[in-house]
Amino acid sequence: MGDLLAVFRSRTQAVQCRTMLCERGVRAEVVPTPSYLKLGCGFSVKIPAAAAETAKKAIARAAYSAFYGYVRLDGTRHI
C-alpha cells in the first residue's frame, strides 16, 4: 500500500493541514501535487501509509473548505 496524498485547492490549507497532522504525531509533508491529476493549487500533504487512517480522521474533523480528496501514490484515486 502506497503513501497517501491529501489534495487541497489552497496552499494555505495544505500547510495548515501538515502542521495539524505533525502536532498529532503524523510525519506529514507538503509536496507538489502530481501534474497528471490537474487538481488544486499544486500542493498536497503526503501521509505515510501507516498513518493514513489517523490522518483521515483528523482531516475530516478539521473540515477544510479547500480539501479535494485522497490519492494513493500507487495511482489509486480515493476522492
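Here, every reference points to the structure presented above.
Read on for a plain summary of the structure. (Residues numbered from 1 in each chain as written. Predicted model: local features only at pLDDT ≥ 70, side-chain atom pairs only at ≥ 80, totals over all residues. Heavy atoms only, no water.)

**With respect to helix α2 (residues 52-62)**
Keep this limit in mind: Buried residues are those whose accessible area, probed at 1.4 Å on protein chains only, stays under 20% of the maximum for their type, while exposed residues exceed 50% and partly exposed ones sit between those limits. Strands here are runs of E lasting at least two residues and helices are runs of H or I lasting at least four, both read from the DSSP assignment and numbered beginning at the N terminus. It is the directions from the helix axis to the C-beta atoms whose arc is reported. When checking whether two residues touch, look at their non-hydrogen atoms; a contact exists if any pair is within 4.5 Å.
Buried within α2 are the following residues: A52, A55, A58 and I59. The buried residues of α2 all sit within an arc of 130° when viewed along its axis, so they share a single face. Of the exposed residues in α2, the ones pointing more than 90 degrees away from its buried face are K57, A60 and R61. Buried residues along α2 sit against β1 (4-8), α1 (11-23), β3 (43-47) and β4 (67-72).

**With respect to the pattern of salt bridges**
Selection criterion: We count a salt bridge whenever a side-chain nitrogen from Lys or Arg sits within 4 Å of a carboxyl oxygen from Asp or Glu.
Enumeration over the complete set of coordinates arrives at 1 salt bridge. A salt bridge links D3 to K46; the shortest N-O distance between them is 3.9 Å. Within this pair, whereas D3 is found in the segment before β1, its partner K46 is found in strand β3, the two being separated by 43 residues in sequence. Owing to a relative accessible area of 26%, D3 belongs among the partly exposed residues under this scheme.

**Examining unusual backbone geometry**
For A63, which is not glycine, the phi dihedral falls at a positive 50°. Note on placement: A63 falls in the loop between α2 and β4. When its relative accessible area of 60% is taken as the criterion, A63 is described as exposed.

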